[in-house]
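# Structural description and commentary
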4 protein chains.
Amino acid sequence: MQHQKLDLAAARGMIAAAEAHAEVAGVKATIAILDGGGDLVAMIRMDGAWPGGFDLALGKAMTARSFHAPSSAFVPLIQPGQPLFSVSSVGGGRYVILGGGLPVTLDGDVVGAIGVSGGLVEQDIAIAEAALAAFNPGN
Amino acid sequence: MQHQKLDLAAARGMIAAAEAHAEVAGVKATIAILDGGGDLVAMIRMDGAWPGGFDLALGKAMTARSFHAPSSAFVPLIQPGQPLFSVSSVGGGRYVILGGGLPVTLDGDVVGAIGVSGGLVEQDIAIAEAALAAFNPGN
Amino acid sequence: MQHQKLDLAAARGMIAAAEAHAEVAGVKATIAILDGGGDLVAMIRMDGAWPGGFDLALGKAMTARSFHAPSSAFVPLIQPGQPLFSVSSVGGGRYVILGGGLPVTLDGDVVGAIGVSGGLVEQDIAIAEAALAAFNPGN
Amino acid sequence: MQHQKLDLAAARGMIAAAEAHAEVAGVKATIAILDGGGDLVAMIRMDGAWPGGFDLALGKAMTARSFHAPSSAFVPLIQPGQPLFSVSSVGGGRYVILGGGLPVTLDGDVVGAIGVSGGLVEQDIAIAEAALAAFNPGN
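The shown structure was predicted, so the numbers you read here are calculated from the model rather than taken from an experiment.

## With respect to unusual backbone geometry
Residues and elements named next belong to chain A.
- Backbone geometry at Asp107 places phi at a positive 55°, although glycine is not the residue there.
- By the secondary structure assignment, Asp107 is in the loop between strand 3 (101-106) and strand 4 (109-117).
- A relative accessible area of 75% places Asp107 in the exposed class.

In structure tokens, the structure reads:
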């Protein structure tokens with residue numbers, strides 16, 4: 001089902017898809033869904049997931065929401081010698097520049113974001129992509 | 001069903017009960033469930049609920065978790081002339097002393113907390129109580 | 001024994017005295033001892049004490065240390081219509097203006113502070129006084 | 001003695017073991033013990049230890065508690081060019097990614113954490129390990 005907005009029903013569908021992916025991958029994930037304003041719509045922490053996963057999942061989603069790109073996109077740019085070095089502490093630490101955050105777009109607008117933490121970076125990204133596919137099935 | 005621990009399944013059951021109560025009451029609520037350590041297990045924001053509801057729901061739940069009592073219990077005590085006046089800003093504002101936060105207990109231990117924001121205080125309390133009843137049906 | 005400085009041995013003696021008093025009073029207390037610089041020397045949280053007690057105990061001790069008076073002394077002054085109204089949020093909430101914080105003095109200098117949380121205000125004050133008496137037996 | 005829970009008695013035993021180790025090593029350490037929820041159970045700062053040691057000890061313990069691994073495990077991962085570079089500021093700086101933080105486990109669950117600061121990293125780790133050995137003698 002193509003969602004027409006990122007409401008609670010859509011967020012739950014995204015979380016369910018992410019959770020199913022995480023279970024198959026053996027990852028205990030924390031999954032956060034933000035709306036276009038950067039406010040939480042829903043989150044879950046799977047049993048046994050690190051307590052600290054929320055800080056990471058939220059920060060990844062906030063990065064994707066706030067800068068209109070996957071959080072992983074900025075990782076090369078913040079390395080020593082690169083233009084965005086030291087940007088990571090902007091906002092008192094509310095951005096987490098680490099793969100696993102994806103913006104959610106609709107008709108070209110960023111209407112929210114997904115953040116995932118709990119596995120290896122590649123796993124977190126794959127789980128976030130599963131959530132995104134549940135929102136935009138055709139993409 | 002009496003839950004034996006506050007895991008994600010229990011948290012979802014509590015949220016579902018709270019949400020059902022809120023819908024009947026016509027309240028657009030934000031509902032947060034913490035574990036005994038004060039870490040989020042799950043949260044939802046119902047469609048149309050204030051974005052700021054999360055700060056309130058989280059702070060109410062944190063108050064109940066951290067002081068082992070309903071957040072409403074402290075409201076009379078922080079009034080002008082009362083012993084706890086001005087305690088509100090403790091912890092940099094992470095406690096919200098306002099009805100709608102309830103501790104979740106199991107065998108006498110505080111194993112988590114519920115926080116609700118979105119309606120009148122009495123409505124938020126009733127929604128939180130519905131969540132609690134889903135965890136401890138016999139109480 | 002009259003202590004000549006607020007070192008770790010003295011802090012432990014103060015905590016032991018406070019803890020013994022709390023046990024007799026049936027209070028599950030959190031007890032924090034600061035040095036003259038406002039840094040923690042030692043703290044304990046008794047079994048079953050509220051997790052939030054640390055924020056309160058620390059804030060009470062910081063108030064006593066920073067303003068050279070029992071934290072209870074400022075409670076009347078911050079009430080509505082009084083000169084210090086609204087001072088409580090100074091420092092982002094690191095001061096707690098509530099009885100249970102006492103400065104520790106030696107030869108007229110403030111060399112540290114005690115903060116206690118867990119019981120009624122009067123109980124917290126009595127527990128803090130027991131700690132102080134262990135430092136300055138003659139007072 | 002194998003402890004069955006991380007209560008105040010257990011925390012004091014862990015601190016005593018850590019302190020004894022630190023004294024032999026000539027380290028003036030700050031030692032913090034958290035419960036599974038990340039709340040302080042007890043802490044001490046040895047005479048002459050840096051005042052800033054508490055921030056480091058607490059942050060190391062919080063890292064170990066929140067991510068279920070020794071804080072040292074993440075040090076290689078946050079280096080330039082590595083996946084977690086720039087994660088350090090997550091959570092407003094409440095995590096300290098530096099050796100000397102260890103999770104405390106019981107029956108496979110993380111029930112708390114130790115954080116130590118004051119010496120060289122290797123010394124802090126060894127002091128934390130002494131504390132852990134006092135909790136889980138057989139490990």
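Still to come is the rest of the account.
## Quick word on the pattern of salt bridges
- Using the criterion set out here, one finds 16 salt bridges over all chains in the structure.
- Salt-bridge contacts for Arg45(A) lead to Asp35(B); the nearest nitrogen and oxygen are separated by 2.6 Å. Of this pair, Arg45(A) sits in strand 2 (residues 40-45) while Asp35(B) sits in strand 1 (residues 30-35), on two different chains.
- The exposure class of Arg45(A) is buried, given its relative accessible area of 10%.
- Asp124(D) serves as the salt-bridge partner of Lys60(D), at 3.0 Å between the closest nitrogen and oxygen. Within this pair, whereas Lys60(D) is found in helix 2 (residues 53-67), its partner Asp124(D) is found in helix 3 (residues 121-135), the two being separated by 64 residues in sequence.
- Judged by relative accessible area, which is 1%, Lys60(D) ranks as buried.

## Observations concerning the sheet that holds strand 1 of chain B
- Taken in spatial order, the eight strands line up as 3(A)-4(A)-1(A)-2(A)-2(B)-1(B)-4(B)-3(B) in an open sheet, and their pairing is antiparallel. Across the chains shown, the open sheet's two edge strands, defined by having one partner strand only, are strand 3 of chain A together with strand 3 (101-106) of chain B. On average, each strand axis in the sheet is tilted by 15° relative to the strand beside it, whichever way the strands run.
- Summarising the sheet, strand 3 of chain B and strand 4 (residues 109-117) of chain B pair through six bridges and their orientation is antiparallel. Paired with Pro103(B) across the two strands is Ala113(B), which belongs to strand 4 of chain B.
- Packed on one face of the sheet, helix 1 (residues 8-25) of chain B meets strand 2 of chain A together with strand 1, strand 2 (40-45), strand 3 and strand 4 of chain B and runs near 25° to strand 2 of chain B.
- Against the sheet, helix 2 (residues 53-67) of chain B makes contact with strand 2 of chain A together with strand 1, strand 2, strand 3 and strand 4 of chain B, and its axis sits at roughly 155° relative to strand 4 of chain B, the strand it touches most.

## Considerations on the pairing of strand 3 (residues 101-106) of chain D
- Of all six residues in strand 3 of chain D, five are buried; the element is thus mostly enclosed.
- Where strand 3 of chain D hands over to strand 4 (residues 109-117) of chain D, the hairpin turn is made up of two residues, of which Asp107(D) adopts a positive phi near 55°.

Definitions and cut-offs
Residues numbered from 1 in each chain as written. Chains lettered and ligands numbered in written order. Predicted model: local features only at pLDDT ≥ 70, side-chain atom pairs only at ≥ 80, totals over all residues. Heavy atoms only, no water. Helix = DSSP H or I, 4+ residues; strand = E, 2+ residues; numbered from the N terminus. Buried < 20%, exposed > 50% of the residue type's maximum accessible area, 1.4 Å probe, protein only. Salt bridge = Lys/Arg side-chain N within 4 Å of Asp/Glu carboxyl O. Pairing = 2+ DSSP bridges. Axes fitted to C-alpha atoms, helices over the stretch in contact; angles between N-to-C directions. Contact = heavy atoms within 4.5 Å.

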